[in-house]
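# Report on the structure
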Amino acid sequence: MIHFNRDPSRWKLRMIAAVVCLTASMASAQEKSPTAGSARPHRWYDPRRYVDRWVRAADGVCRLEIVEMLRALAQGQPPDEGKGWFHDGQSRYSWQWLADRYDEDGDGKIPADEFPAEASNLFARLDRDENGNIDKDDFDWSSTSAYMKQAAQTRRLFGPVDRDRNGHVTQEEWRGFFERAALDADSITPADLQAALFPPQPASSGDDPLPLDLIKGFVTGELGSISQGPKVGQSAPDFELAGPMRERRLRLSQLHDQKPVVLIFGSFT
Amino acid sequence: MHRRYGDRAEFVSIYVREAHPGDGAWPGKFKTEAGEAINQPTKIDQRIDVANQCCKALEVSMPLLVDDIDDRVGRAYSGMPDRIYVIDRAGKVVYKGGRGPFGFKPGEMEQSLVMLLLDTAGDQPSVVAHEQ
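Residues numbered from 1 in each chain as written. Chains lettered and ligands numbered in written order. Predicted model: local features only at pLDDT ≥ 70, side-chain atom pairs only at ≥ 80, totals over all residues. Heavy atoms only, no water.

### Some words on the overall build of chain B
What counts here: Think of it this way: any DSSP run of H or I at least four residues long counts as a helix, any run of E at least two long counts as a strand, and we number them from the N terminus. Working definition: with a 1.4 Å probe on protein chains only, accessible area under 20% of the residue-type maximum means buried, over 50% means exposed, and in between means partly exposed. Contacts were defined at the residue level, with two residues in contact if any of their heavy atoms lie within 4.5 Å. Per-residue and other accessible areas follow the Shrake-Rupley method at a 1.4 Å probe size, with only the shown protein chains counted as cover for residues.
In terms of regular secondary structure, chain B is built from four helices and four strands. In sequence order, the secondary structure elements of chain B are arranged as α-β-α-β-α-β-β-α. Considering chain B as a whole, with its 132 residues, one finds that 54% of them fall into the buried category. Taking the contacts inside chain B whose residues are at least 6 apart along the sequence as the reference set, 43% of them involve residues at least 24 apart. If you sum the accessible surface of chain B, you get close to 5400 Å²; carbon and sulfur atoms cover 50% of it.

Printed below as a string of structure tokens:
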């Protein structure tokens, strides 16, 4: 074992600082000499040969969803809509794919007569705003789009009415909401509706989750997951699971052998 | 949506780890029919029991699979708390939804599914023939 004359922890800190300074100076030298890449490459033992790769790797790590989530949780930001915690979906397909295929006149919209006749029943599934044309706006699922803002408002209004929170509002629930809003009156005013939709929130009782609780929930896989999951274009990990009646197990590879498969992950809570 | 495309795609729900168990980091207010709080199942039988209650309460009609208690499939797909994938016949990921609840957008998935069916219509002539 090597014994240091000085405090080992201080020695280690100085080594780390030296490596960081060396790397930073090399990265700076790399930027100041743009022709370095075109000159003779550095030898394999020269750290400058690997600086670009390290910088790209570090940048890639910071952009990982799990790192973003951990950073947000550590700062006390619980999962919330539109705060970048929940990224948009990714797909092999897009508006551009559809336009390249069917927008014959290149005017940025696909009316019904440009869509294949044998698939006419699917036109409405793509024309999200039902304006008679499939266009780029129909594929905007970001939280800033008009459609998603409407969806968010609708969810906000649906919640107080859906008493049993099963995603369906019955006539009974609808009448119950009216009665709660009207308070024995025969009609409701805008103020009544607002009070019913946005009831007073109780003062914080101190039971709100702490950042450490949220990180614990993230690590245990309740609020998120450490793994990233497969990307678009990658092979879906094969698996075999049984249903709730413990009947025969189903294997994913057997399912997608016949038809495309839609997997929906979720839980009751 | 399951009824609309059920003959052209396999819809499978996978029941995973509870997102807001009563004994978890961010407890929820959900209760069973008996009025009990839902804690994180520690045995597969407990998870199956909660999954059955979920299906009954939410009137889920599509096939349901229950993840093993070690959450292996949920972790492999980063499926917690909820997420949607579309897998093509070659076993490749075509669509990967954002993480739920706010990234959970069935309409977005449906568009990708429709375009997948259009893209592969040549392989299966009847794939877009009718709508149920």
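Moving on from the coordinates now.
### Observations regarding the interface of chain A and chain B
Basically, it comes down to this: Two parts placed together each lose some accessible area under a 1.4 Å probe, and adding up what both lose gives the buried area. Salt bridges, as used here, are contacts in which a Lys or Arg side-chain nitrogen is within 4 Å of a carboxyl oxygen on Asp or Glu. The definition of a polar contact used here is a pair of N or O atoms within 3.5 Å, where within protein one atom must be able to donate a hydrogen and the other to accept one, and adjacent residues in sequence count solely through side-chain atom pairs.
On the side of chain B, 90 residues touch chain A, which itself brings 82 residues to the contact. Carbon and sulfur atoms supply 59% of the area that chain A and chain B bury against each other, a total of about 8000 Å² over both sides. Between chain A and chain B we count four salt bridges in total. Across the pair R125 of chain A and E110 of chain B runs a salt bridge, and its minimum N-O distance is 2.9 Å. Across the contact surface, chain A and chain B share 34 residue pairs in polar contact (both at pLDDT 80 or more). Within the residue set of the side of chain A that touches chain B, elements represented by two or more residues are α3 (65-74), β1 (90-91), α4 (95-102), α5 (120-126), α9 (211-219), α10 (252-256) and β6 (261-266) of chain A.

### Regarding the environment of P199 of chain A
Mapped onto the secondary structure, P199 of chain A falls in the loop between α8 (190-197) and α9. Residue classification places P199 of chain A among the partly exposed residues on the basis of a relative accessible area of 38%.

### Some thoughts on helix α2 (residues 44-58) of chain B
Residues and elements named next belong to chain B. Applied cut-off: Between the first and last residue of a helix there are one fewer steps than residues, each counted as 1.5 Å, and that sum is the expected span. The arc refers to the directions leading from the helix axis to the C-beta atoms.
The terminal C-alpha atoms of α2 lie 21 Å apart, and with 15 residues this matches the ideal 21 Å at 1.5 Å per residue to within 8%. Buried residues of α2: R47, I48, V50, A51, C54 and C55, and no others. Viewed along the axis of α2, the buried residues span an arc of 165°, placing them on a single side of the element. For α2, the exposed residues set more than 90 degrees away from the buried face come down to D45 and K56. Next to the buried residues of α2 lie β1 (10-15) and β2 (64-66).

### Details of the nonpolar core
Spelled out, the test is: The criterion is simple. A nonpolar core is a set of buried Ala, Val, Leu, Ile, Met, Phe, Trp, Tyr and Cys residues joined through side-chain atoms within 4.5 Å.
One finds L98, F115 and I134 of chain A together with F11 and L113 of chain B to be the most contacted residues of the largest nonpolar core, which totals 30 residues. Elements with a minimum of two residues in this core: α4, α5 and β6 of chain A together with β3 (83-87), β4 (93-96) and α4 (106-119) of chain B. Top element by residues in this core is α4 of chain B. It accounts for seven residues. The contact partners of L113 of chain B, leaving out residues within four places of it in the chain, are V262 of chain A together with Y5, A9, F11 and V86 of chain B. A236, L241 and L250 of chain A together with Y77 of chain B belong to the second largest nonpolar core, which has 19 residues in total.

### A short note on the sheet that holds β6 of chain A
How we decide: One requirement defines pairing of two strands: DSSP has to find at least two bridges between them. To get an axis, a line is fitted to the C-alpha atoms, and for a helix only the part in contact is used. The angle between two axes follows their N-to-C directions and goes from 0 to 180 degrees.
Ordered in space as β1(A)-β4(B)-β3(B)-β6(A)-β1(B)-β2(B), the six strands form an open sheet in which the pairing is mixed. One side of each edge strand has no neighbouring strand; the edge strands of this open sheet are β1 of chain A together with β2 of chain B. Two elements, β3 of chain B and β4 of chain B, share three bridges in a ladder whose sense is antiparallel. Among the inter-strand pairings, I87 of chain B is bridged to a residue of β4 of chain B, identified as V93 of chain B. Its contacts with the sheet place α2 of chain B against β1 and β2 of chain B, and it is angled at close to 155° to β2 of chain B. The strands touched by α4 of chain B within the sheet are β1 and β6 of chain A together with β1, β3 and β4 of chain B, with β3 of chain B carrying the most contacts at an inclination of about 0°.

### Concerning the packing of aromatic side chains
Operational definition: To pair, rings of Phe, Tyr and Trp, with the six-membered ring standing in for Trp, must have centres within 6.5 Å; the planes then decide the type, stacked if under 30 degrees apart, edge-to-face if over 60, and tilted in the middle. Whether a charge lies above a ring is judged from NZ of Lys or CZ of Arg, which has to be within 6 Å of the ring centre and within 35 degrees of the ring normal.
For the coordinates displayed, the defined rule picks out ten aromatic pairs over all chains. Plain terms: the ring middles of F239 of chain A and Y77 of chain B are 5.9 Å apart, the flat faces sit at 90° to each other, and that makes the pair edge-to-face. Note that F239 of chain A is positioned in the loop between α9 and β4 (240-241) and Y77 of chain B in the loop between α3 (72-76) and β3, a pairing that runs across two chains. Judged by its relative accessible area of 1%, Y77 of chain B falls in the buried class. These aromatic residues form a ring-pair network of at least three members: F239 and F265 of chain A together with Y77 and Y85 of chain B. R128 of chain A extends its terminal NZ or CZ atom over the ring of W141 of chain A, reaching a point 4.5 Å from the ring centre.

### Quick word on a negative patch on the surface
All names here are of chain A. Heads up, the condition is: Every patch collects residues that have over 30% relative accessible area and no salt bridge, joining them within 9 Å if they carry like charges and within 5 Å if they are nonpolar side chains (Val, Leu, Ile, Met, Phe, Trp, Tyr). Counted as positive: Lys and Arg. Counted as negative: Asp and Glu, with His and the chain ends omitted from the count. Where a charge lies is defined by one atom per residue type, namely NZ (Lys), CZ (Arg), CG (Asp) and CD (Glu).
Residues E104, D105, D107 and D113 make up a contiguous surface patch of negative charge. Relative to the elements of secondary structure, D105 occurs in the loop between α4 and β2 (109-111). Here D105 falls in the partly exposed class, since its relative accessible area comes to 49%.

### Structural notes on the pairing of β1 of chain B
The buried count for β1 of chain B comes to five of six residues, which makes it a mostly enclosed element. The sheet contact formed by β6 of chain A and β1 of chain B spans six bridges and is parallel. Residue pairing for β1 of chain B: L263 of chain A is matched across the bridge by V12 of chain B. Taken together, the three bridges between β1 of chain B and β2 of chain B define a ladder with parallel strand orientation. Following the sheet pairing, Y15 of chain B is matched in β2 of chain B by V66 of chain B.

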